[in-house]
Amino acid sequence: MAEPLRALIFDEDGSPVETEDLHRRAFNDAFAAAGLDWHWSVPVYARLLHTTGGKERIARHLAERGGVPAEVDIAALHRDKTRRYGALVEQGALTLRPGIRRLLSQARSVNLRLAIATTTSHPNVEALCRACFARRAEEMFDVIVAGDDVAARKPAPDACRLALSRLGVPPAQASAFEDSANGLRAALAAGLRCVVTPVVYTGGEDFSGALAVVPALDRTGGLAAFRSLVERCG
Ligand code: XBP
């Protein structure tokens, strides 16, 4: 018999909002402010996105240029990027994807537990919730696990596992929502079912193993239809 659905776990950058191009802009602004002649175009960023985590992405770019870590203060550069990203979000640069607001409020109305398991940073979760929901992140989500809270970022399962353990829910009673192959792999490795809503940067990736791949969450037909999908496949 299918287990009851008790919790939903979302990524931050992708399923609720298409954020990556704003991250790209914040990275480029931080590079320019630091006097670096780096610029991440859309194709370059699409490739670098396979490295999850902004600090790790900067380190990879540096390594690809043949640079040495001492050349750039990655932590300081990333702090500046996070500050710039937060300011862009505050200016209203992001819009929720179709279906996310309804899914969250339906989930709340039947007491499902809600979590974020993300590779990004805590201030970005806060900025997004304030800008898109006019609420504090902790009012929206019972549990928030960010990149620096775990030893290994996605596609490792650490963030999803920590979210599950803080929710107090076994993986069979939860479902994840991701936008990328790395996120999907993290969810599956944590034992979660996962619905994928790809974004511009992830459209061509391999989503084998997903419970469903839909253009946006309004295509899951709301919580009732989603629950029956989970229970059919559970
Ligand atoms: C998205 C990420 C992040 C962002 C940049 O994570 O991989 O690294 O691209 O944010 P998720 P930071 O899909 O798990 O929400 O610079 O703060 O890492």
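Residues numbered from 1 in each chain as written. Predicted model: local features only at pLDDT ≥ 70, side-chain atom pairs only at ≥ 80, totals over all residues. Heavy atoms only, no water.

### What about the site of the ligand?
Right, on to step 1. Neighbouring the ligand are 19 residues; Gly54, His78, Lys81, Thr118 and Thr120 lie closest to it.
Right, on to step 2. In the environment of the ligand, an oxygen atom lies 2.7 Å from a nitrogen or oxygen atom belonging to the side chain of Thr120.
Right, on to step 3. Here an oxygen atom of the ligand and a side-chain polar atom of Asn124 are 3.3 Å apart.
Right, on to step 4. Here the ligand, which alone exposes 450 Å², has 96% of that area covered by the protein.
Right, on to step 5. Residue assignment for the shell around the ligand shows that the elements contributing at least two residues are α1 (20-33), α3 (54-64) and α4 (74-90).
Right, on to step 6. With three residues, the single largest contributor to the shell around the ligand is α1. (Near = heavy atom within 4 Å. Polar contact = N/O pair within 3.5 Å; in protein donor to acceptor, adjacent residues only side chain to side chain. Areas by Shrake-Rupley, 256 points an atom, 1.4 Å probe, with all protein chains shown as cover. Helix = DSSP H or I, 4+ residues; strand = E, 2+ residues; numbered from the N terminus.)

### Things to note about α3
Residues spaced three or four apart along an α-helix point in a common direction, a consequence of the helix completing one turn every 3.6 residues.
Right, on to step 1. The complete set of buried residues in α3 reads Gly54, Arg57, Ile58, His61 and Leu62. For α3, the angular spread of the buried residues around the axis is 135 degrees, confining them to a single face.
Right, on to step 2. On its buried face, α3 is in contact with α1, α2 (42-48) and α4.
Right, on to step 3. Directly beyond the C-terminal end of α3, a positive phi value near 80 degrees is found at Gly66. (Buried < 20%, exposed > 50% of the residue type's maximum accessible area, 1.4 Å probe, protein only. Arc of directions from axis to C-beta. Contact = heavy atoms within 4.5 Å.)

### A few points about the nonpolar core
Right, on to step 1. Core analysis: the biggest nonpolar cluster contains 38 residues, and Leu8, Phe10, Phe141 and Phe226 have the highest contact counts within it.
Right, on to step 2. For this core, the elements supplying multiple residues, two or more each, are β1 (7-10), α1, α4, α5 (100-109), β2 (113-117), α6 (122-133), α7 (137-140) and α10 (222-233).
Right, on to step 3. Here the element with the most residues in this core is α6; it accounts for six residues.
Right, on to step 4. Setting aside its immediate chain neighbours within four residues, Leu8 contacts Leu103, Ala107, Leu112, Arg113, Leu114, Ala115, Ser175, Phe177, Leu223 and Phe226.
Right, on to step 5. Counting residues in hydrophobic clusters, the runner-up holds 24 residues, among them Ala117, Ala159, Ala190 and Leu192. (Core = buried A, V, L, I, M, F, W, Y, C linked by side-chain atoms within 4.5 Å.)

### Side note on the pattern of salt bridges
Right, on to step 1. Inspection of every chain in the model, using the stated rule, returns 16 salt bridges.
Right, on to step 2. The salt bridge partner of Glu64 is Arg60, with a shortest N-O separation of 2.9 Å. Here Glu64 pairs with Arg60, and both are found in helix α3, just four residues apart, close to one helical turn.
Right, on to step 3. Relative accessible area serves as the criterion here: at 41%, Glu64 is assigned to the partly exposed category.
Right, on to step 4. Of the residues examined, Arg60 reaches a relative accessible area of 25% and is grouped as partly exposed. (Salt bridge = Lys/Arg side-chain N within 4 Å of Asp/Glu carboxyl O.)

### Thoughts on helix α9 (residues 181-189)
Right, on to step 1. Along α9, the residues that are buried comprise Ala181, Asn182, Gly183, Leu184, Ala186 and Ala187.
Right, on to step 2. In the stretch just after α9, Gly191 is the one whose phi turns positive, near 85 degrees.

### A few points about the packing of aromatic side chains
Right, on to step 1. The tally for this structure, following the rule as stated, stands at eight aromatic pairs.
Right, on to step 2. Between Tyr45 and Tyr201, the ring centres sit 5.5 Å apart and the planes meet at 80 degrees, which makes this aromatic pair edge-to-face. In this pair, Tyr45 is assigned in helix α2 and Tyr201 in the loop between β5 (193-196) and β6 (212-213), connecting sequence segments 156 residues apart. For the residue pair Tyr45 and Tyr201, the accessibility class agrees, reading buried in each case.
Right, on to step 3. Counting every residue linked through ring pairs, the aromatic cluster contains Phe27, Phe31, Trp38, Trp40, Tyr45 and Tyr201.
Right, on to step 4. Over the aromatic face of Phe27 sits the side chain of Lys81, whose NZ or CZ is 4.5 Å from the ring centroid.
Right, on to step 5. Its guanidinium or amino end placed over the ring of Tyr85, Lys81 lies 5.2 Å from that ring's centre, counting from NZ or CZ. (Phe/Tyr/Trp six-rings, centres within 6.5 Å; stacked < 30°, edge-to-face > 60°. Lys NZ or Arg CZ within 6 Å of the ring centre and 35° of its normal.)

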